[in-house]
Amino acid sequence: MYNSKIVGLGYYVPDNVVTNDDLSEMMDTNDAWIQERTGIKERRWVEDKTGDTTSTMGVKAAEIAIERAGIDKNDIDFIVFATLSPDYYFPGPGVAVQKALGIKTVGALDIRNQCSGFVYGISIADQYIKTGMYKNVLVIGSEVHSRGLDKTTRGRGVSVIFGDGAGAAVLSREEDPTKGILSTHLHSEGEHAEELSLIAPGMGKRWVSDILRDNDPDDVSYMPHMNGQFVFKNAVVRFSEVIMEGLMKNNLQVSDIDMLIPHQANLRISQFIQNKFKLNDDQVFNNIQSYGNTTAASIPIALTEAWEQNKIKEGDLVVLAAFGSGFTWGSVVIKW
Ligand code: COA
């Protein structure tokens, strides 16, 4: 058995900055409400003229990660792509990455898992590398939320939170069992699937022929739905549990954490966890203020920024933790 190690990181966000004041011109909201409830000051939303999509942004993030990993793109053995906002209903964006990078015929796996998508993706990559099946795995999290949000007052409880962007990591084989990814922990609770969901594009309830015939502009099932307070309450509990699970599995204490990268769901959730675990500001990284919640992209964007800012050094104990729609949640414990 081998370990896996993150050897390259990259991210890409669209240039287009959308401030809270910009949103207040589209809907009945204001900067004070958004900042007080979520910590978000601005986010990036794609523009048609740039051609940015979930897959193209994922490719840009991946190219940076591959270059930093110091490997040739043809050394990538497998691609894992996490998103809830794919370019096409099918096929998923993994094959678009394979094509754009010009990597021969390696496997490309598309996964969902929403805000936990990157953590699930890392866990999958880690398992393949552990068993020796693959040596280098590319994991991407990317989202275009802005094209699917209800940007009227009706949708303000959701639309002010989400942003677009992509992050990527290259995981490679690590021979030293004390280094790299020490453990991953995945959970779900499907009982609450509808509490944070986008129902309509699925095949579960309606016939496409009926949808096209009805063409109903009031059909909110095409917009994301979130029971905000219920999500918040579950998030703080599950984040705490899954961080502790990861630490206990490795006989570590909260005080051993050098850097916690929580999924950027809401600054208040991150602060709740920070206070609960009595972590100082240097031990937790947040960038939701600038990007909003980018779902599967949030952890790789934050991890990359933390690394670029020299906030993660060799030998550090880094913990990734996520919670989101499904509900799904998970953690990754890394000896950097
Ligand atoms: N701007 C202004 N007012 C808004 C608003 C907005 N964008 N969105 C909702 N409101 C209003 C509501 O209509 C409500 O008005 P009312 O009291 O007149 O009915 C009031 O603000 C309070 O709404 P509520 O939904 O109870 O607010 P909240 O304090 O629960 O905050 C969230 C809403 C979404 C910020 C909060 O629930 C949250 O952060 N939840 C977790 C979300 C999350 O992390 N999601 C991602 C998980 S991966």
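As the structure is a prediction and not an experimental result, all values here were calculated from the model.

Thresholds, definitions, all that
Residues numbered from 1 in each chain as written. Predicted model: local features only at pLDDT ≥ 70, side-chain atom pairs only at ≥ 80, totals over all residues. Heavy atoms only, no water. Helix = DSSP H or I, 4+ residues; strand = E, 2+ residues; numbered from the N terminus. Rg over C-alpha atoms; globule rule 2.2 N^0.38 Å. Buried < 20%, exposed > 50% of the residue type's maximum accessible area, 1.4 Å probe, protein only. Contact = heavy atoms within 4.5 Å. Areas by Shrake-Rupley, 256 points an atom, 1.4 Å probe, with all protein chains shown as cover. Lys, Arg positive; Asp, Glu negative; His and termini not counted. Charge placed at Lys NZ, Arg CZ, Asp CG, Glu CD. Phe/Tyr/Trp six-rings, centres within 6.5 Å; stacked < 30°, edge-to-face > 60°. Lys NZ or Arg CZ within 6 Å of the ring centre and 35° of its normal. Salt bridge = Lys/Arg side-chain N within 4 Å of Asp/Glu carboxyl O. Domains from an automatic or database assignment. Buried area = accessible area lost by both parts, 1.4 Å probe. Core = buried A, V, L, I, M, F, W, Y, C linked by side-chain atoms within 4.5 Å. Pairing = 2+ DSSP bridges.

Student: Just give me the short version of the overall build of the chain, but keep the residues and values in it.
Tutor: Counting secondary structure elements, the chain contains eleven helices and 13 strands. Over its C-alpha trace the chain gives a radius of gyration of 19 Å, about what one expects of a compact globule, namely 20 Å for 336 residues. Projected onto the principal axes, the alpha-carbon positions of the chain cover approximately 60 × 50 × 35 Å. Looking at the chain as a whole, 53% of its 336 residues qualify as buried. Long-range pairs, those at least 24 residues apart, make up 78% of the contacts in the chain with a sequence separation of at least 6. When the accessible surface of the chain is summed, it comes to about 15000 Å², and 50% of that surface belongs to carbon and sulfur atoms. If you average the places of the 32 positive and of the 44 negative side-chain charges in the chain, the two averages end up 2 Å apart.

Student: Now, about the packing of aromatic side chains: what can you tell me, with residues and values included?
Tutor: Taken as a whole and assessed by the stated rule, the structure comprises seven aromatic pairs. Both rings, one in phenylalanine 78 and one in tyrosine 128, keep their centres 4.9 Å apart while their planes meet at 65°; by these two values the pair is edge-to-face. Placement of the pair is phenylalanine 78 in strand S4 (residues 78-82) and tyrosine 128 in helix H5 (residues 117-130), with a sequence separation of 50 residues. Tyrosine 128 sits in the partly exposed class, given a relative accessible area of 25%. For lysine 151, the ring lying beneath its charged end belongs to tryptophan 45, and the centroid distance is 4.6 Å. Looking at arginine 173, its charged tip hangs above the ring of tyrosine 2, at a distance of 4.0 Å from the centre.

Student: Please provide a residue-by-residue account of the pattern of salt bridges, values included.
Tutor: Scanning all chains against the criterion turns up 15 salt bridges. For the salt bridge of aspartate 28 with arginine 156, the shortest nitrogen-to-oxygen distance reads 3.7 Å. With aspartate 28 in the loop between helix H1 (20-24) and helix H2 (31-38) and arginine 156 in helix H6 (residues 156-159), this pair connects stretches of sequence that are 128 residues apart. When the shortest N-O distance is used, the salt bridge between glutamate 308 and arginine 68 registers 2.9 Å.

Student: With reference to specific residues and values, describe the domain arrangement of the chain.
Tutor: It is common to report an interface's size as the accessible area lost on association of the parts. When cut into domains, the chain gives domain 1 (3-174) and domain 2 (180-335). Look at where the C-alpha atoms of domain 1 and domain 2 centre, and you get two points 13 Å apart. Contacts between the two partners involve 54 residues from domain 1 and, on the opposite side, 53 residues from domain 2. Carbon and sulfur atoms supply 63% of the area that domain 1 and domain 2 bury against each other, a total of about 4100 Å² over both sides.

Student: Give a description of the nonpolar core that names residues and reports values.
Tutor: Ranked by internal contacts, the top residues of the largest apolar core, which has 38 residues, are Ile243, Ile257 and Leu260. For this core, the secondary structure elements donating two or more residues are helix H8 (228-249), helix H9 (267-276), strand S12 (317-324) and strand S13 (328-335). Of the residues forming this core, the biggest block, seven residues, is contributed by H8. Counting the residues that make up this core, at least three belong to each of domain 1 (3-174) and domain 2 (180-335). The residues touching isoleucine 243, leaving out its near neighbours within four places in the chain, are Ile257, Leu260, Ile273, Phe277, Val319 and Ala321. Residues Leu9, Met259, Ile312 and Val332 belong to the second largest nonpolar core, which totals 33 residues.

Student: Just give me the short version of the pairing of strand S1 (residues 3-12), but keep the residues and values in it.
Tutor: Among the ten residues that make up S1, seven are buried, leaving the element largely enclosed by the rest of the structure. Sheet topology places S1 next to strand S7 (residues 165-174); nine bridges connect them, and they run antiparallel. Across the sheet, residue tyrosine 12 finds its bridge partner in S7, namely alanine 166.

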